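A closer look at the structure
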Amino acid sequence: MDKKNILHLSIVWVIYGALINRFIWNNQLITLIPDILLFTLLFLDKPHKGQFNLQSYVGKTVVSIFYFILILGIISSFVSSTPIAATLWGARQFFRYGLMAYMIMLYFGPKDIVWGRKILYQSILWNMIFVVIELSLGQTGDAMGGTFSGNGEFAFYLIAITFISEIEYFQHRLSIQKFIIIFGFCFISGVLAEIKLLYMLLPFTLYSGYVLFKKFNIKQVIVLMAAYFFLIPTVKFMLSFYYDENYIESTFDSEEVNKYLENDYALQSGKTQLLSFNRNTCIERSSTILFQDPKAFLIGNGIGSLTQSQLFKTPLADVYHPTYYFFFTFSYVLLELGWLGFILFISFYACMAYRFYRHYRNAKDIVIKYWSSIGLFMTCVSYIFMWYNAIPYSNYYFTFILFGLCFTGIKKRKQKLFINKYARNDI
């Protein structure tokens, strides 16, 4: 099989592979297919020195922090005597994201970027179909994921396609009718999957796209002020078609929301000696556990030491299972990598955001602005998802596909502009 075809297959599998687990054969091997394909590519064709410079794409700092996280996690695992199999499993889980983006930057050309856009828009139609199928089967709430494994991954997908379709509408590459249909699908899916975060994040995504792709003017201020007064009543009205009044009021009641975010997750109080974490308590309670061991507080228990894999689960993962640490990125990263790893993890996305921002700030070309806007928004919104769930640490393949496409799109466009300028000057 051609190397590009292997990479194409791995990307398609990330988007659709979960359907096999959900509807045909539930086996962990299915989720490993993209990993196998990517590692096969890595060993098939290692780039020669000077053939490909990753740092020229993403920057030396981003690459260095990525490797520092990986090395720190492995060292911590050896210090903590984590089983080798679990360490390799955890290292694979983290390394594969960077490997996906790397392979896209290594192999993709302009035609492949066009292919990627086509696959993305095809996936919207297929997700519409499977949302209807899941609804007919009664698979709503957490069980609804479109072509993805659940509503956690699905949530980020909905945010991504909302933002991308909006800026493509601004570029006149997408009609207003298609954009409205896509946004309507995203909002309705968020309601059916009961992703409360999206009730407010989807409108915020629309505003972010407007700000990033339009020059700052008084209209933006007016839009923001109007949204402040009308957003919540509008969202409440739209939710009323599916949920009862008690649900809607509790969703937007500040006291109820704070209580929900700080209660023990899944009401575990009294059942174990460990308090379960929640979104607003996971950092504090993780730190309390880590504080008992200065080494763990600094570098954690090791990458893979708390994996939830049924094949490689460790005794430590069983001990801390009642805390539900694996539902939240902050607690998952803290317990495995400690505060040093946590700071590196947060810094990694900050440096990527800065890299995209530099491209965005200096962009005079609409194509470079397009790719840098997507990259900048996706890195920034990643922090919200770190707070919301564990996907940025446990299953962030789709996002790194977008990062790879963004960096490649920027690089190829700059190369084309340089060649065109050189050709004009030569004439």
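Residues numbered from 1 in each chain as written. Predicted model: local features only at pLDDT ≥ 70, side-chain atom pairs only at ≥ 80, totals over all residues. Heavy atoms only, no water.

**Re a nonpolar patch on the surface**
Residues Phe23, Ile24, Trp25, Leu29, Ile36, Leu125, Trp126, Ile129, Ile133 and Leu137 make up a contiguous nonpolar surface patch of about 970 Å² in total accessible area. Ranked by residues supplied to the nonpolar patch, first place goes to helix H7 (residues 110-136) with four residues. Note that Leu137 resides in the loop between H7 and helix H8 (151-170). When its relative accessible area of 53% is taken as the criterion, Leu137 is described as exposed. (Patch = residues over 30% accessible without salt bridge, like charges linked within 9 Å, V, L, I, M, F, W, Y side chains within 5 Å. Areas by Shrake-Rupley, 256 points an atom, 1.4 Å probe, with all protein chains shown as cover. Salt bridge = Lys/Arg side-chain N within 4 Å of Asp/Glu carboxyl O. Helix = DSSP H or I, 4+ residues; strand = E, 2+ residues; numbered from the N terminus. Buried < 20%, exposed > 50% of the residue type's maximum accessible area, 1.4 Å probe, protein only.)

**With respect to the packing of helix H10 (residues 196-213) against helix H12 (residues 245-252)**
The relative placement of two packed helices is expressed as an angle between their axes plus a distance between the axes. Between H10 and H12, whose axes approach to 10 Å, the crossing angle comes to 65°. The hand of the H10/H12 crossing is right-handed. Note on element contacts: H12 touches H10 through Tyr247, Thr251 and Phe252, opposite Lys196, Tyr199 and Met200. When grouped by side-chain class, the residues that make up the contact of H10 with H12 number four nonpolar, one polar and one charged. (Axes fitted to C-alpha atoms, helices over the stretch in contact; angles between N-to-C directions. Left-handed = near helix turned anticlockwise from the far one by under 90°. Contact = heavy atoms within 4.5 Å. Nonpolar A, V, L, I, M, F, W, Y, C, P; charged D, E, K, R; others polar.)

**Considerations on the packing of aromatic side chains**
Within this structure, the stated rule accounts for 49 aromatic pairs. Ring centres of Trp387 and Tyr388 lie 6.4 Å apart, and the angle between their planes is 40°; this geometry places the pair in the tilted category. Look at Trp387 and you get partly exposed, because its relative accessible area is 26%. One residue, Arg279, lies across the ring of Trp387, its end atom 6.0 Å from the ring centre. Residue placement shows Lys369 over the ring face of Phe213; its charged tip is 5.5 Å from the ring centre. (Phe/Tyr/Trp six-rings, centres within 6.5 Å; stacked < 30°, edge-to-face > 60°. Lys NZ or Arg CZ within 6 Å of the ring centre and 35° of its normal.)

**Quick word on the side chain of Asp35**
Within the secondary structure layout, Asp35 lies in helix H3 (residues 28-44). Assessed through its relative accessible area of 3%, Asp35 is described here as buried. For Asp35, the side chain forms a polar contact with the side chain of Arg92, separated by 2.2 Å. Leave out the neighbours within four places in its chain, and Asp35 touches Arg92, Arg96 and Tyr397. (Polar contact = N/O pair within 3.5 Å; in protein donor to acceptor, adjacent residues only side chain to side chain.)

**A short note on the nonpolar core**
Of all hydrophobic cores here, the largest spans 134 residues; its most connected members are Leu7, Met378 and Phe398. For this core, the leading source of residues is helix H17 (residues 329-362), giving 15 residues. What Met378 contacts, discounting residues up to four positions off in sequence, is Phe156, Ile159, Ala160, Phe163, Leu402 and Phe403. (Core = buried A, V, L, I, M, F, W, Y, C linked by side-chain atoms within 4.5 Å.)

**Quick word on the side chain of Arg92**
Here Arg92 lies in helix H6 (residues 84-107). A residue is classified by how much of its surface remains accessible, and Arg92, at 13% relative accessible area, is buried. If near-sequence neighbours (up to four positions away) are discounted, Arg92 is found in contact with Leu32, Asp35 and Phe39.

**A word on the packing of H8 against helix H18 (residues 366-388)**
Remark: H8 packs on H18, axes separated minimally by 11 Å, with the N-to-C direction vectors making an angle of 150°. In this view, H8 runs roughly antiparallel relative to H18, as classed from their interaxial angle. Between H8 and H18 the crossing geometry is right-handed. Facing H8, whose interface residues are Gly152, Ala155, Phe156, Ile159, Ala160, Phe163, Ile164, Ile167 and Glu168, H18 presents Tyr370, Ser373, Ile374, Phe377, Met378, Val381, Ser382 and Phe385. (Parallel < 35°, antiparallel > 145°, perpendicular 65-115°, else oblique.)

**Looking at the pattern of salt bridges**
Tallying each qualifying case throughout the model produces nine salt bridges. Among the salt bridges present, the one from Arg92 reaches Asp35, with a minimum N-O distance of 2.2 Å. Of this pair, Arg92 sits in helix H6 while Asp35 sits in helix H3, and the two are 57 residues apart along the sequence. Notably, a salt bridge pairs Glu249 with Lys236, separated by 3.8 Å at the nearest N-O pair. With Glu249 in helix H12 and Lys236 in helix H11 (residues 218-239), this residue pair connects regions lying 13 residues apart in the sequence. In the salt-bridge network here, residues are joined through shared partners; they are Asp35, Arg92 and Arg96.

**Digging into helix H1 (residues 3-16)**
For an α-helix, the turn length of 3.6 residues means that residues three or four places apart are oriented alike. In this model H1 runs 20 Å from its N-terminal to its C-terminal C-alpha over 14 residues, within 8% of the 20 Å that 1.5 Å per residue would give. Its side-chain oxygen at 2.9 Å from the backbone nitrogen of Lys4, Asp2 defines the N-terminal cap of H1. (Expected span 1.5 Å × (residues − 1).)

**Overview of the confidence of the model for the protein chain**
A residue-level look at the protein chain finds 93% of positions with pLDDT of 70 or above and a mean pLDDT of 90. Mean pLDDT per element in the protein chain: H11 is the minimum at 77, and H17 is the maximum at 97. (pLDDT = per-residue confidence, 0-100.)

**Quick word on helix H9 (residues 176-192)**
End to end, H9 covers 24 Å across 17 residues, agreeing with the expected 24 Å (1.5 Å per residue, within 8%). Taken as a whole, H9 has its buried residues at Phe179, Ile182, Phe183, Phe185, Cys186, Phe187, Ser189, Gly190, Val191 and Leu192. Positive backbone phi, at 55°, marks Glu194, one or two positions downstream of H9.

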